[in-house]
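# Architecture and fold: a report
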Amino acid sequence: GDSVTQMEGPVTLSEEAFLTINCTYTATGYPSLFWYVQYPGEGLQLLLKATKADDKGSNKGFEATYRKETTSFHLEKGSVQVSDSAVYFCALSEIAMRFGAGTRLTVKP
Amino acid sequence: DSGVTQTPKHLITATGQRVTLRCSPRSGDLSVYWYQQSLDQGLQFLIQYYNGEERAKGNILERFSAQQFPDLHSELNLSSLELGDSALYFCASSVIGGSGGYNEQFFGPGTRLTVL
């Protein structure tokens, strides 16, 4: 079945550092791809999405490009802030969301 | 605020007991999904309802059941609880029930269940 694999954490960065969280997927069709973020003690919030190959999703300085040739949807941000500390989940959409294991990001001042 | 509400926020109960978790979807959303988040299993899809009908099943145990009512709120019933059922249970809603980009799901804050 379809699946999502994302880089294991935790990831610890200094403020203003560049962030990449890798995500690859396996799918028989052409799913939509998502990044969700979970802040401490909260539910999941949609961060960005892409619905077809070569689409770039972006939000709050985060970006991810749907790469069909490499079956990837890596999350990037040019300059992270302490407030970006959270758990990030890559997901693909079937009937329900199929999530990766999550990557915990800690940004230090 | 996603517009999805869940009650209660926390629930503490004993093994063998039965509990009911409640979810109200965003206004206008017809689909409700239940997910379980645990440390060892990650985020797992349990079940989906669309406009009152069961639409899809994931890794839902037989001891668990759900329903969606005419006003579109949903309840997840967990019975004969075991220690391993302790987890965060999320509800999500979407406008329609299909796959793809139109299936953007909005998550509630979750119910933390602790089974002692």
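See the structure shown above.
These notes cover the structure that comes with them. (Residues numbered from 1 in each chain as written. Chains lettered and ligands numbered in written order. Predicted model: local features only at pLDDT ≥ 70, side-chain atom pairs only at ≥ 80, totals over all residues. Heavy atoms only, no water.)

## Describing the overall build of chain B
Heads up, the rule is: Strands here mean DSSP runs of E at least two residues long; helices mean DSSP runs of H or I at least four residues long; both are numbered from the N terminus. Residue exposure (1.4 Å probe, protein chains only): buried if accessible area is under 20% of the type maximum, exposed if over 50%, otherwise partly exposed. Working rule for contacts: check all heavy atoms of both residues, and any pair within 4.5 Å makes them a contact. Using the Shrake-Rupley algorithm and a 1.4 Å probe, accessible areas are obtained, with residue cover drawn only from the displayed protein chains. This count recognises Lys and Arg as positive and Asp and Glu as negative, with His and chain-terminal groups excluded. Charged groups are reduced to one reference atom each: NZ for lysine, CZ for arginine, CG for aspartic acid, CD for glutamic acid.
Each helix and strand counted, chain B has zero helices and eleven strands in total. Shown N-terminal to C-terminal, the secondary structure of chain B runs as helices and strands in the order β-β-β-β-β-β-β-β-β-β-β. Here the C-alpha coordinates of chain B stretch approximately 40 × 25 × 20 Å along the principal axes. By residue count, 52% of the 116 residues in chain B fall in the buried class. Partitioning the contacts of chain B with sequence separation of at least 6, the portion at a separation of at least 24 is 57%. Counting only carbon and sulfur atoms, one obtains 49% of the accessible surface of chain B, whose full area is about 5600 Å². Here chain B carries 8 positive and 11 negative side-chain charges, and the mean point of each set is 3 Å from the other.

## Quick word on the sheet that holds strand S7 (residues 56-59) of chain A
All names here are of chain A. Let me state the cut-off plainly: Two strands make a pair as long as DSSP finds a minimum of two bridges between them. Axes here mean lines fitted to C-alpha atoms, for a helix over just the part in contact, with angles spanning 0 to 180 degrees between N-to-C directions.
Taken in spatial order, the four strands line up as S3-S9-S8-S7 in an open sheet, and their pairing is antiparallel. In this open sheet, the two edge strands, each paired with only one partner strand, are strand S3 (19-21) and S7. In this sheet, neighbouring strand axes are inclined to one another by 15° on average, regardless of whether the strands run parallel or antiparallel. Pairing of S3 with strand S9 (residues 75-77) involves three bridges; the strand directions are antiparallel.

## A word on the interface of chain A and chain B
Under the convention used in this document: As used here, buried area is the combined drop in accessible area, with a 1.4 Å probe, of two parts when they are placed together. Criterion for a salt bridge: a side-chain nitrogen of Lys or Arg within 4 Å of a carboxyl oxygen of Asp or Glu. For this analysis, a polar contact is any N or O atom pair within 3.5 Å, provided that within protein one partner can donate a hydrogen and the other can accept it, and provided that sequence-adjacent residues contribute only side-chain to side-chain pairs. Nonpolar residues are Ala, Val, Leu, Ile, Met, Phe, Trp, Tyr, Cys and Pro. Charged residues are Asp, Glu, Lys and Arg, and all others, Gly as well, are polar.
Facing 17 residues of chain A, the contacting portion of chain B comprises 20 residues. Taking both sides of the interface into account, the surface hidden between chain A and chain B amounts to around 1400 Å²; carbon and sulfur atoms contribute 60%. Between chain A and chain B we count one salt bridge in total. Among the ionic pairs, lysine 49 of chain A bridges to glutamate 104 of chain B, the shortest N-O distance being 3.0 Å. On the surface where chain A and chain B come into contact, there are four residue pairs in polar contact (both at pLDDT 80 or more). The set of elements that each furnish at least two residues to the side of chain A that touches chain B consists of strand S5 (32-38), strand S6 (44-50), strand S10 (86-93) and strand S11 (97-99) of chain A. If you tally residues by element for the side of chain A that touches chain B, the top one is S5 of chain A, at four residues. When the residues that make up the side of chain A that touches chain B are grouped by side-chain class, the tally is nine nonpolar, five polar and three charged.

## So, the nonpolar core
As a reminder of what qualifies: For our purposes a nonpolar core is just a set of buried Ala, Val, Leu, Ile, Met, Phe, Trp, Tyr and Cys residues, chained together by side-chain atoms within 4.5 Å.
Counting 26 residues, the largest nonpolar core has Trp35, Leu47, Leu48, Phe73, Leu75 and Tyr88 of chain A as its most contacted members. Tallying contributions element by element places S10 of chain A first for this core, with four residues. In contact with tyrosine 88 of chain A, not counting residues within four places along its chain, are Gln6, Ile21, Trp35, Tyr36, Val37, Leu47, Phe62, Leu75, Gly102, Thr103 and Leu105 of chain A. One finds Cys23, Ala66, Leu81 and Cys91 of chain B within the second-largest nonpolar core, a separate group that totals 21 residues.

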